[in-house]
Amino acid sequence: MRLIIQPDYERASRWTAEYIAKKITKHSKQQAGKPFVLGLPTGSSPLGTYRELINIHKEGRLSFKSVRTFNMDEYVGLAPDHPQSYHYFMMENFFNHIDIDRRHIHILNGMAADIEKECSLYEEAIASEGGIELFLGGMGSDGHIAFNEPGSSLASRTRIKHLTPETKEDNARFFNGDKTKVPDTALTVGVGTVMDAREVVIVVNGRNKARALRAVVEEGVNHMWTLSCLQMHPKAIIVCDEDSTEELKVGTVRYFKNIQHEFDKI
Ligand code: GLP
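Below is a summary of the structure that appears in this document. Bear in mind the structure is a predicted one, so any value in this text is a computation, not a measurement.

Overview of the nonpolar core
- Ranked by size, the top nonpolar core spans 39 residues in total, and within it L3, M139, I202, L213, L230 and I238 carry the most contacts.
- Elements with a contribution of two residues or more to this core: β1 (2-6), α4 (115-128), α6 (191-196), β9 (199-204), α7 (210-218), β10 (236-241) and α8 (250-265).
- Not counting the four nearest positions on each side in its chain, L213 is found in contact with M139, V204, E218, I238, C240, S244, T245 and L248.
- If you look at the next biggest cluster of nonpolar residues, it comprises 32 residues, including I24, Y50, L53 and V67.

Looking at the site of the ligand
- By nearness alone, 14 residues border the ligand, and S44, S45, H144, R173 and K209 come closest of all.
- Contacts to the ligand include H144, whose side-chain N or O atom sits 2.7 Å from an oxygen atom.
- Taking A146, its main chain carries an N or O atom lying 3.1 Å from a nitrogen atom of the ligand.
- The pocket occupied by the ligand, as judged from atoms lying within 2 Å of grid points, is the largest pocket.
- By residue class, the composition of the shell around the ligand is four nonpolar, seven polar and three charged.

A few points about the sheet that holds strand β8 (residues 185-188)
- With respect to topology, three strands assemble into an open sheet ordered β4-β8-β7, the strand pairing being antiparallel. What marks the edges here is a single partner per strand, and that holds for β4 (73-75) and β7 (159-162). Going across the sheet, the axis of each strand differs from the next one's by a mean of 30°, ignoring polarity.
- One ladder, built from three bridges, connects β4 with β8; its direction is antiparallel. Across the sheet, Y75 pairs through a bridge with A186, a residue of β8.

Observations concerning the pattern of salt bridges
- The full count for this structure, using the stated rule, is 20 salt bridges.
- Of the charged contacts, one joins D8 and R11 as a salt bridge, the two residues approaching to 2.9 Å between their closest N and O atoms.
- Via salt bridges that share partners, E18, E59 and R61 belong to a single interconnected network.

Comments concerning helix α2 (residues 47-58)
- Given a rise of 1.5 Å per residue, 12 residues ought to cover 16 Å, and the 17 Å separating the end C-alpha atoms of α2 matches this to within 8%.
- Every buried residue of α2 is listed here: G48, T49, Y50, E52, L53, I54, I56 and H57.
- Along its buried surface, α2 packs onto α1 (9-30), β2 (36-40), α3 (86-93), β6 (134-137) and β9.
- After α2 finishes, the residue G60 shows a positive phi value of roughly 85°.

Let's talk about the side chain of E52
- Here E52 is to be found in helix α2.
- Despite its burial, E52 pairs with no opposite charge; the closest candidate is R14, at 4.0 Å N-O.
- For E52, the contacting residues outside a window of four places in its chain are S13, R14 and A17.

Concerning α4
- Helix length check: α4, at 14 residues, gives a terminal C-alpha distance of 20 Å against a target of 20 Å (1.5 Å per residue), a fit within 8%.
- All buried positions along α4 are accounted for by I115, E118, C119, Y122, E123, A125 and I126. Angular distribution of buried residues about the axis of α4 spans 160°; they occupy a single face of the element. Residues E116, E124, A127 and S128 are exposed on α4 and point more than 90 degrees away from its buried face.
- Buried residues belonging to α4 abut β3 (67-71), β5 (105-106), β7, β8 and α6.
- Of the residues that open α4, the one with a side-chain oxygen 3.4 Å from the backbone nitrogen of E116 is D114.
- Once α4 ends, the next one or two residues include G130, with phi positive near 95°.

Observations concerning the packing of aromatic side chains
- One pass over the full model with this rule turns up 10 aromatic pairs.
- Ring geometry for W15 and Y19: centres 5.1 Å apart, planes at 10°, overall stacked. Here W15 and its partner Y19 are both found in helix α1, four residues apart, which amounts to about one turn of the helix.
- Residues F94 and F95 carry aromatic rings whose centres are separated by 5.6 Å and whose planes lie at 40° to one another, so their mutual orientation is tilted.
- Relative accessible area serves as the criterion here: at 0%, F94 is assigned to the buried category.

About the criteria used
Residues numbered from 1 in each chain as written. Predicted model: local features only at pLDDT ≥ 70, side-chain atom pairs only at ≥ 80, totals over all residues. Heavy atoms only, no water. Core = buried A, V, L, I, M, F, W, Y, C linked by side-chain atoms within 4.5 Å. Buried < 20%, exposed > 50% of the residue type's maximum accessible area, 1.4 Å probe, protein only. Helix = DSSP H or I, 4+ residues; strand = E, 2+ residues; numbered from the N terminus. Contact = heavy atoms within 4.5 Å. Near = heavy atom within 4 Å. Polar contact = N/O pair within 3.5 Å; in protein donor to acceptor, adjacent residues only side chain to side chain. 1 Å grid on protein atoms, 1.4 Å probe; cavity = no way out; pocket = protein on both sides within 12 Å on 5 of 7 lines; lining within 4 Å. Sits in = over half its atoms within 2 Å of the grid points. Nonpolar A, V, L, I, M, F, W, Y, C, P; charged D, E, K, R; others polar. Pairing = 2+ DSSP bridges. Axes fitted to C-alpha atoms, helices over the stretch in contact; angles between N-to-C directions. Salt bridge = Lys/Arg side-chain N within 4 Å of Asp/Glu carboxyl O. Expected span 1.5 Å × (residues − 1). Lys, Arg positive; Asp, Glu negative; His and termini not counted. Arc of directions from axis to C-beta. Phe/Tyr/Trp six-rings, centres within 6.5 Å; stacked < 30°, edge-to-face > 60°.

Have a look at this one:
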């Protein structure tokens, strides 16, 4: 796992967007005709990355015409036009501003009559596109990835999950601060689904993530901090700001900064 520590959220977002843009551009040059399959998150963490990707696109440096996307999760019971649905979030904050073909966007349907079928079809759709090339993600304050709450199986696939009180409290800010409005359940890709991606890039920012970042980076692989699965991934990067490193050991921060310094020289 690489830990890229940036001075602040803006620079972490810029780093992440430039990294993704480079990957997409390189892929379309080297494997023309083959789509680039990108996994995407919602939440506040990726907002800066989306903004920067939109800027890069507007500058004419990046096209999403060859990109297929799969979002991580969606609330159960919220229609796509509900302002707090992840469908709505993605259109507003990203898809409406880039040149992606709408038919290439995949988001779980939280209104599906047959939830189990919806989830298995999603896994099949990912597989039929050749698997996810790069999964971008965020992290919950309890160390969860997508909606894989503490205790989730590290081998899990796309399914329905109950949200913990901590997650509902965290996400209440999107529902006018009213946690009773946050749905009780969500459809989410599994930890196994994320681990199958050829590369995983996670954006982490803010002091409220410091405790979880320490667990994920310095402690063992543990289902109580589901993002710790990254320790088993062959190609994983966490891009974080200084604030979120507050609980890491001085030696850990120094170690990853030194590695980065060497990479930058190359
Ligand atoms: C939700 C989402 C996650 C996201 C997390 C953190 O639980 N399902 O994908 O990473 O929130 O959100 P934020 O980035 O707003 O802190």
